[in-house]
2 protein chains.
Amino acid sequence: MINQFCHSPLWEVSRNLSAVAQGSKPADIVITGARLVNVCTKEILPDTDLAISSGRIALVGDAAHCIGEGTEVIRAEGQYIAPGFLDGHIHVESSMLSVGEYARAVIPHGTVGIYMDPHEICNVLGLEAVACMAEDAKRTPLKAMITTPSCVPAVPGFEDTGAFIGPADVAKTMTWNNVVGLGEMMNFPGILYSDDHAHQIVDETLKAGKIVTGHYSMPETGKGLNAYAAAGIRCCHESTRAEDALAKMRLGMYAMIREGSAWRDLQEVIRSITQHKIDSRLAVLVSDDTHPHTLVAQGHMDHIVRRAIEEGVDPVTAIQMVTINCAQCFQMDHELGSLSPGKCADIVFLSDLEKVKVTRVLIDGVVVSMDGRMTQELAPYTYPAWVTDSMHIGRSITPESFAIEAAGDTAGVRVIEVLSGKVGNLETNAVLPVVGGRLQSDVLQDVLKTVVFERHHETGTTGFGFVKGFGIQSGAMASTVAHDAHNLLVVGTNDEDMALAANTLIRYGGGMAVVQEGKVLGCVPLPIAGLMNDKPAAEMAALVAELEETWAKIGCTMVSPFMTMALIPLACLPALRLTNRGLVDCNTFSFVPLIL
Amino acid sequence: MINQFCHSPLWEVSRNLSAVAQGSKPADIVITGARLVNVCTKEILPDTDLAISSGRIALVGDAAHCIGEGTEVIRAEGQYIAPGFLDGHIHVESSMLSVGEYARAVIPHGTVGIYMDPHEICNVLGLEAVACMAEDAKRTPLKAMITTPSCVPAVPGFEDTGAFIGPADVAKTMTWNNVVGLGEMMNFPGILYSDDHAHQIVDETLKAGKIVTGHYSMPETGKGLNAYAAAGIRCCHESTRAEDALAKMRLGMYAMIREGSAWRDLQEVIRSITQHKIDSRLAVLVSDDTHPHTLVAQGHMDHIVRRAIEEGVDPVTAIQMVTINCAQCFQMDHELGSLSPGKCADIVFLSDLEKVKVTRVLIDGVVVSMDGRMTQELAPYTYPAWVTDSMHIGRSITPESFAIEAAGDTAGVRVIEVLSGKVGNLETNAVLPVVGGRLQSDVLQDVLKTVVFERHHETGTTGFGFVKGFGIQSGAMASTVAHDAHNLLVVGTNDEDMALAANTLIRYGGGMAVVQEGKVLGCVPLPIAGLMNDKPAAEMAALVAELEETWAKIGCTMVSPFMTMALIPLACLPALRLTNRGLVDCNTFSFVPLIL
């Protein structure tokens, strides 16, 4: 695969690199006296220099002869230098940050490249919006490698998304020079049971000679996993047990070991390496989903490498998992992932190896971060109006919009029971009061009305249900982060507050809001597709923290309740979900009535 | 890179593979109860089954459910199964065998794929003849991956070859579906000193996203090696010291550790792994040049793996060096090099792991060898007449053709002194008798006349010189294997025998001949481009052995003297060489006169 993510293609600058290595031309930069983390041989080489020219590495070794007039010399005595860190699987949208602000947040932590799957924005606004994220990325030095979202919609027929991605769309994106593969193929049942649509999407990627990334979340590692791997799916980040990851690596798949904000699998899954003493070349560390407060408080790949070291992985092996292993997974190791001649000069300086303390970051031979702060200004990027104007409800929302008709004084209903910090939920029942011919929330039972409004194509479709588990006493919450279709989701104790929460988000172009007794207590505006904001990470982290406090004020003691709420419509997972088309039994994949 | 070397592209058969893995369709073959050499995790998995369909692996694990009506079951209890062996760098021409017969010789030794650099035939007949070798390969199950010869001619301006390969030719071949990269870039000075021709040839390969293979034969591992690696050259098989290979791997290059018939580097070079305890993912074992007697007597990659094990490499690590490591070097690990779902079913059965005893070989899911013999007949392939008619001298060769005029009774001349078993030679002097105005060989001094006739384009150019070191007492030898231009090379004690030797080869269309007192004592006909023969390996090995005996009869006690003779014209190496254009001082790269 030709790499489009470096400053210059190698063939344009190789004569120059050779001349610099030979000492017949001065280097742009020479780093002297470093302890070089050699991920090729799994060694630390003491007192090693590195010469850079044209954004690439010209020489590793003794570079005294590469220093000439105009060469910047960076003394690295006592410091470690390692290849820049790569995140092999990441949804930028989960950070709620624009790609530009995301880059500004992660680069100081040593991240130089991400393999991003813009699944969320693609569900809202399609591939044109993916192209906007790519444009946004271009104003940053971060290498934003795209994997084309493979499952848009995630559960066809059960929800309305803003876009549809078919095999022809996938084929088209494979000609984009920033697309390196296919995003996580979540439709593993489709692969296992020879569904044509799922297979064709994979086929178009394989035909283009690009990488198919996976998502196999079953504990089954026998015939199902084999059937999945046999389709050409190269990696998977869904292992939650050490034996899952071990089975995948034994079947030749790259095991992407995840440590995100919500899904913290590393402690368990890294045992596939630390306990089994296998060759670790197929192990890769990834973040998957990281929220702004995690980026601000803990970091990014530096944090995940640190976690691997804490769990007993040797530091050089851990760094291999975010450098050469990841680059080999994407067959980009000729360009990225090691400090060796000809490769992009993407370099992380570490003052402490075990603690992964990043002090300086170079991308394409340019210092882009010092002591935890970007040293470059980013040019502004404004998402086009059709991206920031993504609330297409097609009618006014009033308290009346939340009415659920029912006969009698009470009615038995199906209830979604959410579980704090878990992806799965339960189906339960409740008997609710009917007032004036309309079903009511019941705070005493902690059963709250939940409504999903389609917001992409003004279809007017609306799903009605009830949810248990948030514990709020009064008020309402709304969110346009509502996986995977990201319609407008509202939960509340009364129709007036629910309408206010919904209209608040319509006014802001999307986001998350908490309302009580006619007052907006908190709001995180996410005007970019209803998913992201172009404010800095620290500001977004503070806004989200404030929002969490407002949840607590109205009675919810859950940690990060907005994350749990966002999964209410996620119809690809058990047990009972609510989409804009209605209640879905996700074990049988059928619509079921609300009232029993 | 899309692999064209498997039975079917994955995207055509993946639905089928998934169905077989799931048990909803029967497998073509199931192997049961094997000890599986897992090169992904560096483990041996006991009692493992493997299911095959459409030439690919559908499942690894318990395959009982994959057995149906029509499934062939191969019981492998007590045996090891490993991925088929790959030879990462090989010149088939050195075996003197057609590709078909070469395949028949190596497949029973576990070789399923070769990365062949048809440098020799390309020097004689150009890319059209390379295409013929590719056609020849197609009648065999062997995966013959081509790297385009990069240095044709090897030393422009100092010899006449049959063809010239420039950047545009290289670019054209990069569109061939059996070309995976560029053959060894021997012109490392050209790369180091920014020669445009050499760099452009590399550039065209990089632009096509393919692999550039290297040849860096200097002991220098500092700025020169860095300059070479920085140009995008991914591997090198020219290490003769452990520290050379170690330096290359530290610089991110694949170190191809060579164990050929003539160049036996493994014992020394493998210490880069056994002593330094580094990550061995960049180590690959290759043969480079293997003569027919080696193939018959010792084997091929099985022999080289065995040698690595004998030198202290753990067997699974050694097998990684001819499977996954090689496949990753060529970025074809998604198709080849491991026993995992979706990969080509190229499988070697071993009855003894340490001794690498190959009992059965499958390629693309078909048993192609049992107990050391191919089980398939090969369709015939006839090279076209322009390939087998490659002796284009353009005039009759008579004793008169060998005359070297000189004045006086004696004359001082430059002499090439060959060294048995060495690639290098020495320049020395001798005073030779002049009879009838013509310089004579002098058997007492062991100084023999040597003549090179251009044989490609009837240019009539002829080089004259003298050689010391063969020790023959009477007679003459001729060869069309004469690196790298492969012109007609004759060495002898008298002009009559030299003319007979030359004319014998002209009659046979090339080869090697030994003549004494008007009689042909021995001849190995090599009618395919003057380099190869389509007889079986055992027959060719016997012919070559007989020829060696005839050398001994006329007084030469050297081992494999034809190999040493074939290097007389190799003008890219020191010190003094003779091409069809004359004597070349290979230290200064200038023509020098014969007579002092």
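Described below are features of the structure shown in this document. (Residues numbered from 1 in each chain as written. Chains lettered and ligands numbered in written order. Predicted model: local features only at pLDDT ≥ 70, side-chain atom pairs only at ≥ 80, totals over all residues. Heavy atoms only, no water.)

### Observations regarding the packing of aromatic side chains
Here is step 1 of the chain: Under the counting rule described, the total for this entry stands at 16 aromatic pairs over all chains.
Here is step 2 of the chain: A ring pair is formed by A:Tyr381 and A:Tyr383, whose centres lie 4.9 Å apart and whose planes are at 80°; its orientation type is edge-to-face. Both residues of the pair, A:Tyr381 and A:Tyr383, count as buried.
Here is step 3 of the chain: Ring plane angle 85° and centroid distance 5.2 Å describe the contact between B:Phe402 and B:Phe453, whose orientation is recorded as edge-to-face. In this pair, B:Phe402 is assigned in the loop between α16 (385–388) and β18 (410–418) and B:Phe453 in strand β21 (residues 447–453), connecting sequence segments 51 residues apart.
Here is step 4 of the chain: Owing to a relative accessible area of 0%, B:Phe402 belongs among the buried residues under this scheme.
Here is step 5 of the chain: A connected cluster of aromatic rings, assembled from ring pairs, spans A:Phe158, A:Phe589 and A:Phe591.
Here is step 6 of the chain: The aromatic ring of A:Phe349 is capped on one face by A:Arg360, whose charged end is 5.1 Å from the ring centroid. (Phe/Tyr/Trp six-rings, centres within 6.5 Å; stacked < 30°, edge-to-face > 60°. Buried < 20%, exposed > 50% of the residue type's maximum accessible area, 1.4 Å probe, protein only. Helix = DSSP H or I, 4+ residues; strand = E, 2+ residues; numbered from the N terminus. Lys NZ or Arg CZ within 6 Å of the ring centre and 35° of its normal.)

### What about the sheet that holds strand β27 (residues 576–579) of chain A?
Residue and element names in this part refer to chain A.
Here is step 1 of the chain: Ordered in space as β27-β28-β29, the 3 strands form an open sheet in which the pairing is antiparallel. Sheet topology places β27 and β29 (590–591) at the edges, where each strand pairs with a single neighbour.
Here is step 2 of the chain: As paired elements, β27 and strand β28 (residues 582–585) share 4 bridges and run antiparallel to each other. Residue pairing in the sheet places Arg-577 in a bridge with Val-584 of β28. (Pairing = 2+ DSSP bridges.)

### Considerations on the interface of chain B and chain A
Here is step 1 of the chain: Across the boundary between the two partners, chain B contributes 63 residues, which contact 63 residues of chain A.
Here is step 2 of the chain: At the boundary of chain B with chain A, total buried surface from both sides reaches about 5,200 Å², with 50% on carbon and sulfur atoms.
Here is step 3 of the chain: Of all residues in chain B, the largest losses of buried area upon contact with chain A belong to B:Arg15, B:Gln22 and B:Arg281, amounting jointly to 14% of the total for that side.
Here is step 4 of the chain: For the interface between chain B and chain A, the tally reads 8 salt bridges. (Contact = heavy atoms within 4.5 Å. Buried area = accessible area lost by both parts, 1.4 Å probe. Salt bridge = Lys/Arg side-chain N within 4 Å of Asp/Glu carboxyl O.)

### Remarks on the side chain of B:Thr48
Residues and elements named next belong to chain B.
Here is step 1 of the chain: Examined against the element boundaries, Thr-48 turns out to sit in strand β2 (residues 43–53).
Here is step 2 of the chain: Accessibility expressed as a relative area gives 7% for Thr-48, which makes it buried.
Here is step 3 of the chain: Separated by 2.9 Å, the side chain of Thr-48 and the backbone oxygen of Pro-46 make a polar contact.
Here is step 4 of the chain: Beyond its immediate chain neighbours, meaning those up to four positions away, Thr-48 contacts Ile-31, Thr-32, Gly-33, Ala-34, Leu-36, Val-60 and Gly-61. (Polar contact = N/O pair within 3.5 Å; in protein donor to acceptor, adjacent residues only side chain to side chain.)

### Details of helix α8 (residues 223–230) of chain A
Here is step 1 of the chain: Among the 8 residues that make up α8(A), 7 are buried, leaving the element largely enclosed by the rest of the structure.
Here is step 2 of the chain: Of the surrounding elements, those touching the buried residues of α8(A) are β9 (179–185), α6 (188–192), β10 (211–214) and α9 (242–250) of chain A together with α1 (10–22) and β3 (56–61) of chain B.
Here is step 3 of the chain: Trailing α8(A) by a residue or two, A:Gly232 shows a phi angle of about 95°, which is positive.

### What to know about the relation of the copies chain B and chain A
Here is step 1 of the chain: Each copy of the sequence occupies a distinct position, and chain B is placed on chain A by a rotation of 180° and an axial shift of 0.0 Å, giving an RMSD of 0.1 Å. Read as a symmetry element, the transformation amounts to a two-fold axis. It is B:Gln331 whose C-alpha, among those of chain B, lies nearest the rotation axis, at 3.1 Å. (Least-squares fit on C-alpha atoms with pLDDT ≥ 70 in both.)

### A few points about unusual backbone geometry
Residues and elements named next belong to chain B.
Here is step 1 of the chain: Cis peptide bonds are those with omega within 30 degrees of zero, and the linkage from His-483 to Asp-484 qualifies with -15°.
Here is step 2 of the chain: When you line up the elements, Asp-484 lands in the loop between β23 (476–479) and β24 (488–492).
Here is step 3 of the chain: That bond from Pro-574 to Ala-575 is cis: its omega, 5°, falls within 30 degrees of zero.
Here is step 4 of the chain: Secondary-structure assignment places Ala-575 in the loop between α19 (561–566) and β27 (576–579).
Here is step 5 of the chain: At His-486, a residue that is not glycine, the phi angle is positive and equals roughly 55°.

### Brief notes about the state of the cysteines
Here is step 1 of the chain: Enumeration over the complete set of coordinates arrives at 2 disulfides over all chains.
Here is step 2 of the chain: Here A:Cys6 engages in a disulfide with A:Cys344; their sulfurs sit 1.8 Å apart. Since a negative S-S torsion denotes a left-handed disulfide, the A:Cys6-A:Cys344 link at about 100° is right-handed. Residue A:Cys6 is located in the segment before α1 (10–22), and its partner A:Cys344 is located in the loop between α15 (324–329) and β14 (347–352); the two are separated by 338 residues in the primary sequence. In this pair, the class of A:Cys6 matches that of A:Cys344, namely buried.
Here is step 3 of the chain: In this model B:Cys326 remains outside any disulfide bridge; the closest cysteine sulfur is found in B:Cys329, 6.2 Å from its own. (Disulfide = S-S within 2.5 Å.)

### Observations concerning the environment of A:Ala575
All names here are of chain A.
Here is step 1 of the chain: A relative accessible area of 11% means that Ala-575 is categorised as buried.
Here is step 2 of the chain: Placed 14 residues apart in sequence, Ala-575 and Phe-589 show a C-alpha to C-alpha distance of 9.6 Å.
Here is step 3 of the chain: Once residues lying within four places of it in the same chain are set aside, the contact partners of Ala-575 are Asn-425, Leu-426, Glu-427, Val-584, Asp-585, Cys-586 and Asn-587.

### Re the layout of surface pockets
Residue and element names in this part refer to chain B.
Here is step 1 of the chain: There is about 930 Å³ of room inside the second largest pocket.
Here is step 2 of the chain: If you go around the second largest pocket, you meet 44 residues; those closest to its centre are Arg-258, Trp-263, Val-423, Leu-570 and Leu-573.
Here is step 3 of the chain: Counting residues per element, the ones that place at least two in the lining of the second largest pocket are α3 (119–125) and α19.
Here is step 4 of the chain: For the lining of the second largest pocket, the leading source of residues is α19, giving 3 residues. (1 Å grid on protein atoms, 1.4 Å probe; cavity = no way out; pocket = protein on both sides within 12 Å on 5 of 7 lines; lining within 4 Å. Points joined across faces, edges and corners; volume = space filled by probe spheres on them.)

In short, shape yes, function no, at least from these values alone.
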